[in-house]
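Given next are the chains, with one letter for each unit.
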Amino acid sequence: RRVFLDITGTLPTPKQINEFVANTDAAKRDKLVDTLLDTPEYAFYFANKWADILRVKRRNLANRAYGTFAFHTWIREAVAADKPYDEFVRDIIGATGDELSSPPTVWFKELTKPEEFVDDAAQVFLGQRLACAQCHHHPYERWSQDDYWGLAAYFGRIGRKQLPILGSAQQNASRVAVFSQPRGSVQNKKTGKPADIKPLDGKAIEVGPYEDPRQKLVDWMVQKDNPFFARAVANRYWAHFFGRGIVDPLDDSRVTNPPADPELRVALATGWIHNKYST
């Protein structure tokens, strides 16, 4: 019952229960998990979870319906195909095009400012709540304003272009193409100058005019020695299956909120990387 609920959000039928109890195979639990991961219910269940995390919302606006459903479908198909998590994140953060060619660009409708991208991307994909560092360096935390705006600078070249409205078959969806511009910067509110593009705990990097800074950000995120990315998603899934994260709240990893079991979190993240981010 518990494994059905946790993986598919559904209850087993009496027939399925009786068959499982009668099964004498020592590996029956592992096989049941594999079976459930191949069901449409699993893909729909976790697509709904990720859609909630990624702000896939129509907001009762008819012209956002097409993009909302397109992005949800994209997430569901990614889950069903076991798209590696690093590729899943890259397709979202580095999305280019519009909801027809690239449904993850819908994320760029919900978020529009570099600060919003930092707050959301850091919390969802790195398990870090950085919002306070936008204006000040908290005396009991590690991240400074330079850290915050260095991350924001990765999103300083995002460009948008309004495209023709789709026909009635697509519910008159408003279309916005997202692309990377050759130039663009974000002002560091502490210095009043353009912020250097730099990862957390890293040095400033140079990004050429024909390169997309967002791709550089994901390159850093998915490195095997990144201390945030794999640990954050491992903690998120642990919280789903056990009701509480190793770090709790699950997206608030910081010096003053240490993990309950640091070795376990590292082991889970290492296993995830070893399995090539298979979910």
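Before reading on, note that the structure itself is shown above.
Residues numbered from 1 in each chain as written. Predicted model: local features only at pLDDT ≥ 70, side-chain atom pairs only at ≥ 80, totals over all residues. Heavy atoms only, no water.

Draft legend 1. Just the packing of helix 6 (residues 85-93) against helix 10 (residues 213-221), in detail. Orientation of helix 6 relative to helix 10, taken along the N-to-C sense of each, is 160°, at an axis distance of 9 Å. In terms of orientation, helix 6 and helix 10 fall into the roughly antiparallel class. Read as a crossing pair, helix 6 and helix 10 show a hand that is right-handed. Along the contact surface, helix 6 presents D86, V89, R90 and I93, while helix 10 presents R214, Q215, L217, V218, D219 and M221. Class assignment for the residues of the contact of helix 6 with helix 10 results in 5 nonpolar, 1 polar and 4 charged. (Axes fitted to C-alpha atoms, helices over the stretch in contact; angles between N-to-C directions. Helix = DSSP H or I, 4+ residues; strand = E, 2+ residues; numbered from the N terminus. Parallel < 35°, antiparallel > 145°, perpendicular 65-115°, else oblique. Left-handed = near helix turned anticlockwise from the far one by under 90°. Contact = heavy atoms within 4.5 Å. Nonpolar A, V, L, I, M, F, W, Y, C, P; charged D, E, K, R; others polar.)

Draft legend 2. Broad picture of helix 10. Of all the residues in helix 10, the buried ones are P213, R214, L217, V218, W220 and M221. The arc that holds every buried residue of helix 10, seen down its axis, measures 155°, which confines them to one face. (Buried < 20%, exposed > 50% of the residue type's maximum accessible area, 1.4 Å probe, protein only. Arc of directions from axis to C-beta.)

Draft legend 3. Main features of the nonpolar core. Core analysis: the biggest nonpolar cluster contains 65 residues, and L54, I75, Y85, F88, W107 and F125 have the highest contact counts within it. Leave out the neighbours within four places in its chain, and W107 touches L54, F71, I92, I93, F117, D120, A121 and F125. (Core = buried A, V, L, I, M, F, W, Y, C linked by side-chain atoms within 4.5 Å.)

Draft legend 4. Structural detail: the pattern of salt bridges. Scanning the model with the defined rule gives 17 salt bridges in all. Here D25 makes a salt bridge to K31, at a shortest N to O gap of 2.5 Å. Overall, D25 belongs to the partly exposed group, its relative accessible area being 28%. Between R142 and D201 there is a salt bridge, with the nearest N and O atoms lying 2.3 Å from each other. (Salt bridge = Lys/Arg side-chain N within 4 Å of Asp/Glu carboxyl O.)

Draft legend 5. Layout of the packing of aromatic side chains. Evaluated as defined, the whole model comprises 22 aromatic pairs. Look at W107 and F117: their rings are 5.4 Å apart centre to centre, the planes differ by 65°, and that puts the pair in the edge-to-face class. Pair noted here: W107 is in helix 7 (residues 107-110) and F117 is in helix 8 (residues 114-125), with a separation of 10 residues, a long-range link. Note on F117: relative accessible area 1%, which makes it buried. Pairing F117 with F155 gives two aromatic rings, centres 5.1 Å apart and planes at 15°, and the pair type is stacked. Residue F117 is found in helix 8, and its partner F155 is found in the loop between helix 9 (145-152) and strand 1 (158-163); the two are separated by 38 residues along the sequence. (Phe/Tyr/Trp six-rings, centres within 6.5 Å; stacked < 30°, edge-to-face > 60°.)

Draft legend 6. Here's a closer look at the environment of F88. Within the secondary structure layout, F88 lies in helix 6. Remark: the alpha-carbon pair of F88 and P104, spanning 16 residues in sequence, is separated by 9.6 Å. In contact with F88, not counting residues within four places along its chain, are W50, L54, W74, I75, A78 and K83.

Draft legend 7. Inspection of the packing of helix 11 (residues 229-242) against helix 12 (residues 262-274) at higher detail. Viewed as axis vectors pointing N to C, helix 11 and helix 12 meet at an angle of 105°, and their least axial separation amounts to 8 Å. Taken as axis vectors, helix 11 and helix 12 run roughly perpendicular relative to one another. Here helix 11 contributes A230, R231, V233, A234, Y237 and W238 to the contact with helix 12, which in turn contributes L264, R265, V266, L268, A269, W272 and I273. By residue class, the composition of the contact of helix 11 with helix 12 is 11 nonpolar, no polar and 2 charged.

So, to be careful, I would describe these as geometric facts and stop short of saying anything about function.
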